[in-house]
Amino acid sequence: MGEAPAVLVDHPENGHSNGVCVKSEPENTEITVDVGDRIFLIGGNHERNNFSIGVQIYDKISNNWFSPIVLGTGPKPSKGYSAFVLEQGRILVIKKGSPRNDSIWFLEVDSPYVREQKKLLRKEVVAWSKGVRGNAEKPIVISGPSGVGKGTLISMLMKEFPSMFGFSVSHTTRSPRSMEMDGVHYYFADKKVMEKEIKDGKFLEFASVHGNLYGTSIESVEAVTDSGKVYKKAFGLITDAFCVFDLLNNEFCFCPTQRCILDIDVQGARSVRASSLDAIFIFVCPPSMKELEDRLRARGTETEEQIQKRLRNAEAEIKEGISSGIFGLILYNDNLEECYKKLKNLLGLDGLAHVNGVEIEGINLPIEYTVSKMEDKIIIQETGKETRNKIVLDISSLNGGAPGRTRGILVDAIKF
Ligand SMILES: Nc1ncnc2c1ncn2[C@@H]1O[C@H](COP(=O)(O)OP(=O)(O)OP(=O)(O)O)[C@@H](O)[C@H]1O
Ligand SMILES: Nc1nc2c(ncn2[C@@H]2O[C@H](COP(=O)(O)O)[C@@H](O)[C@H]2O)c(=O)[nH]1
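Please read these numbers as outputs of a predicted model, since none were measured by experiment.

What counts, and where the lines are drawn
Within any chain, residue numbers begin from 1 and follow the written order of that chain's sequence. To read the labels, note that chains go from A and ligands from 1, taken in the order they are written. Where totals are concerned, whole chains, interfaces and linings use all residues; where local detail is concerned, this predicted model gives features only for residues with pLDDT of at least 70, and gives and counts side-chain atom pairs only at 80 or more. Water and hydrogen atoms play no part in the side-chain values, which are based on all heavy atoms of the structure. What makes a residue near a molecule or strand is one non-hydrogen atom of that residue sitting within 4 Å of it. Think of a polar contact as two N or O atoms within 3.5 Å of one another; within protein, one of them needs to be a possible hydrogen donor and the other a possible acceptor, and neighboring residues in sequence only count if both atoms come from side chains. Here, Shrake-Rupley sampling with a 1.4 Å probe gives the accessible areas, and only protein chains in the shown set may cover a residue. Buriedness for pockets is judged along seven lines, at least five of which must meet protein on both sides within 12 Å for an open set on the 1 Å grid over protein atoms alone, while cavities are sets there where a 1.4 Å probe fits but cannot get out, and lining residues have an atom within 4 Å of a point. For a cavity or pocket, the test is whether more than half of a molecule's atoms lie within 2 Å of its grid points; if they do, the molecule sits there. Every helix listed is a DSSP run of H or I at least four residues long, and every strand listed is a run of E at least two residues long, numbered separately from the N terminus. Each residue receives one of three labels: charged for Asp, Glu, Lys and Arg, nonpolar for Ala, Val, Leu, Ile, Met, Phe, Trp, Tyr, Cys and Pro, and polar for the others, Gly being one of them. The buried label applies to any residue whose accessible area, calculated with a 1.4 Å probe on protein chains only, is under 20% of its type's maximum; exposed applies above 50%, and partly exposed to all values in between. It is the directions from the helix axis to the C-beta atoms whose arc is reported. For this analysis, residues touch if any pair of their heavy atoms sits within 4.5 Å. The criterion for an aromatic pair is that two Phe, Tyr or Trp rings (for Trp, the six-membered ring) have centres within 6.5 Å, with stacked assigned to planes under 30 degrees apart, edge-to-face to planes over 60 apart and tilted to the rest. Grid points are joined across faces, edges and corners, and a volume is the space filled by probe spheres set on the points. Salt-bridge detection follows one rule: a side-chain nitrogen of Lys or Arg within 4 Å of a carboxyl oxygen of Asp or Glu.

A.B. asks: Help me understand the site of ligand 2 in this model?
C.D. replies: Every one of the 19 residues lining ligand 2 counts as a neighbour, but Ser-170, Arg-174, Tyr-186, Glu-205 and Tyr-214 are closest to it. At a separation of 2.6 Å, an oxygen atom of ligand 2 approaches a polar side-chain atom of Ser-170. Within the side chain of Asp-265, an N or O atom sits 2.7 Å from a nitrogen atom of ligand 2. Contact with the protein chains covers 96% of the free accessible surface of ligand 2, which is 510 Å². If you map ligand 2 onto the pockets, it falls in the largest pocket. Listing elements by their share of the shell around ligand 2, those giving two or more residues are strand 15 (203-209) and strand 16 (212-217). Classifying every residue of the shell around ligand 2 by side-chain character gives five nonpolar, six polar and eight charged.

This is the structure:
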C-alpha cells in the first residue's frame, strides 16, 4: 500500500470556472495533480533521466503508486511547476524559470490517443507534447500504392521548400536499395529489435507492408519538430524563415518552420487517424494499374516477384484509400508537374509560401509570476515589477498533437 499524496488544489489566484488548478510551491521540484481516480506526480525524485522529468501515478482505488510508460520527450526538470487539468484528459504544465522553448507542456493522461496506447500496450500510458506559440501546422500523411509517386512528390516539396518540411524517417525491416542511406531514407532495422521497440511503445504507428515491417517512431516525428533549432544553430543564416514580432521582448525574431511529412501505407494512416495526431491525410492514386506497373518496373528497385506482390496489394489499397473515409484529399498522379501543382495548391503553397508561415516559437515567461485560469484562458501575470507583463494562453485554440509533437497555442502578450 502506498501513502496517498497531498494534493494542492485551487490556487488562490485562480478565478477558474472549470478545470482544477494545482500549483506547486515556488521552489518545489514536483507537483501533484488530481484527475478522477488518479493522482499524477510530475517531476520530483522520479526523473526519468537528467533530461526529462518523470511521472508517477497514485491509484486512489488500490492505494498504490505505479510508473506509467511515458511517450514522447518530456520537459527538462525545473525549479517549480504550475498545472491545470484541461478537457480531453490533458494536463497543462507551466515550468518556472525555463527558456522559452521549454516553458509550456501538455501531459496527456486520458486522451483518445493515450487510451488507444493503453489498450495496445496493456499498461498505463501518458504522453508529453510541447506547447509552442502560434499555429503549429498539421503534419501531412501521404499514402498510396507502391510506385504511384509519393516519394517523388515529397522530394519535390522538400527541394522547393527546404526549411518548411521535415520528413519523418520511418523504420523498416526490408533491405536497403542501392542508393538508400540508413537514417536518411529509412532506419533499416532488425526485425526482433523493431518488434521489441514497438512493444515498448516507441512507435506512433506500424504495419506489415508487402511482407516487411514498417513504422514511424515517436522519435522520428520529434526529430522533425525539433529540427528548426538544429537548422538555426548549424547555419546561423536563416533562409525561408518567417518573421514574428515578440511583444514581450519588443523584437522581431525569425522562425524556421518544420511541418512533418509521413509517407506511410493505408494501414499506418488508419492508425494515425485513430490517434490524436491531428494531421492532413492525402491519398495518391495512379491514372491506371497499367501505368502503376510501368512505373514500378521503370524504377527497377524490386524483383519481378516483389512487383507482382505490390501490384496485388495496390488494388486493395486504392479501394480502401478512396472509400474508407480516412483520406480527406485524393490526388491523381498522372502528369507529375500537374499533380505537384495540385499538391501545393492543397497545402496553400502556390506562390504564397511566405504567407503560409508557421510560428514555431516558444513561449517566454516572466521570471516571477502568478497563474490563473479563466474559462478557456490561462493568465500568467508578472509580479514584482512596475511595468507588468501579462501572457494569456488561449487553450481553446490548441492544435497539433501528441506525442512528440508541438501543440500550437494562441498567445496574447500585454504590457501594462
Ligand atoms: N507522374 C509520374 N509520371 C511518370 N513517372 C512517375 C510519376 N510520378 C513518379 N514517377 C516515377 O515512378 C517511380 C515510382 O515513384 P516513387 O518511387 O516516388 O513511388 P512511391 O509511391 O514513393 O513508391 P513506394 O511506395 O514503393 O516507395 C519513380 O521512378 C518515379 O520517377
Ligand atoms: N505503415 C507504414 N508504412 C510505411 C512506412 N514507411 C513506408 N511505408 C510504406 O511502405 C510501402 C513500401 O515502401 P518501400 O520504400 O519499400 O517502397 C509504401 O507504401 C510506404 O508508404 C511507415 O513508417 N509506416
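Now, onward.
A.B. asks: I'm lost on helix 8 (residues 336-346) in this one. Help?
C.D. replies: Side chains that are three or four residues apart share a direction in an α-helix, a result of its 3.6 residues per turn. Listed in full, the buried residues belonging to helix 8 are Cys-339, Tyr-340, Leu-343 and Lys-344. The buried side chains of helix 8 occupy one side of the element, clustering within an arc of 140 degrees when seen end-on. More than 90 degrees from the buried face of helix 8, the exposed residues found are Glu-337, Glu-338 and Lys-341. Elements that come into contact with the buried residues of helix 8 comprise helix 2 (150-160), strand 20 (280-285) and strand 21 (329-332). The N-terminus of helix 8 is capped by Asn-335, whose side-chain oxygen sits 3.0 Å from the backbone nitrogen of Glu-337.

A.B. asks: Looking at this model, I keep getting lost on the site of ligand 1. Mind explaining?
C.D. replies: Looking at ligand 1, there are 14 residues lining it, with Ser-146, Lys-150, Gly-151, Thr-152 and Arg-299 nearest. In the model, an oxygen atom of ligand 1 is placed 2.9 Å from a nitrogen or oxygen of the Gly-147 main chain. Within the backbone of Gly-149, a nitrogen or oxygen atom sits 3.0 Å from an oxygen atom of ligand 1. Across the complex, the protein chains shield 74% of the 640 Å² of accessible surface that ligand 1 would expose by itself. A molecule is said to occupy a pocket when more than half its atoms come within 2 Å of that pocket's grid points, and by this definition ligand 1 occupies the largest pocket. Broken down by secondary-structure element, the contributors of at least two residues to the shell around ligand 1 are helix 2 and helix 6 (289-299). At three residues, the largest contribution of residues to the shell around ligand 1 is made by helix 2. For the shell around ligand 1, the residue count by class is three nonpolar, six polar and five charged.

A.B. asks: Can you help me understand the packing of aromatic side chains in this one?
C.D. replies: Geometry of an aromatic ring pair is reported as the spacing of the ring centres plus the angle between the planes. One pass over the structure, following the stated rule, counts six aromatic pairs. Ring geometry for Phe-283 against Phe-327: centres 5.1 Å apart, planes inclined by 50 degrees, an arrangement best described as tilted. Taken together, the positions of Phe-283 in strand 20 and Phe-327 in the loop between helix 7 (304-323) and strand 21 put the pair 44 residues apart, joining distant regions of the chain. Judged by its relative accessible area of 8%, Phe-327 falls in the buried class. Clustering of aromatic rings is evident, with ring pairs tying together Tyr-186, Phe-188 and Tyr-214.

A.B. asks: Honestly, the layout of surface pockets in this entry has me stumped. Any pointers?
C.D. replies: Here the idea is plain: a probe the size of a water molecule rolls over the atoms and shows the empty space left. A volume near 1100 Å³ is recorded for the largest pocket. Gly-151, Arg-177, Tyr-186, Asp-263 and Arg-299 are the residues nearest the centre of the largest pocket, which is lined by 41 residues in total. Those elements that place two or more of their residues in the lining of the largest pocket are helix 2, strand 15, strand 16, helix 6 and helix 7. When grouped by side-chain class, the residues that make up the lining of the largest pocket number 14 nonpolar, 15 polar and 12 charged.

A.B. asks: Whenever I open this one, the environment of Gln-117 confuses me. Can you help?
C.D. replies: Position of Gln-117 relative to the elements: it lies in helix 1 (residues 112-121). The exposure class of Gln-117 is buried, given its relative accessible area of 1%.

A.B. asks: Honestly, the pattern of salt bridges in this entry has me stumped. Any pointers?
C.D. replies: When the charged atoms of two side chains with opposite charge come close together, those side chains can pair. Counted under the stated rule, the structure contains 22 salt bridges. Linking Lys-60 and Asp-34 is a salt bridge whose minimum nitrogen-to-oxygen distance equals 2.7 Å. Remark: Asp-34 occurs in strand 2 (residues 30-35) and Lys-60 occurs in the loop between strand 4 (55-59) and strand 5 (64-66); sequence separation between them is 26 residues. A salt bridge links Arg-115 to Asp-110, with the nearest nitrogen and oxygen atoms 3.4 Å apart. A residue is classified by how much of its surface remains accessible, and Arg-115, at 42% relative accessible area, is partly exposed. Overall, the relative accessible area of 35% leaves Asp-110 in the partly exposed class. Within this structure, Arg-174, Arg-177, Glu-180, Arg-299, Glu-302 and Arg-310 form a network of salt bridges that share partners.

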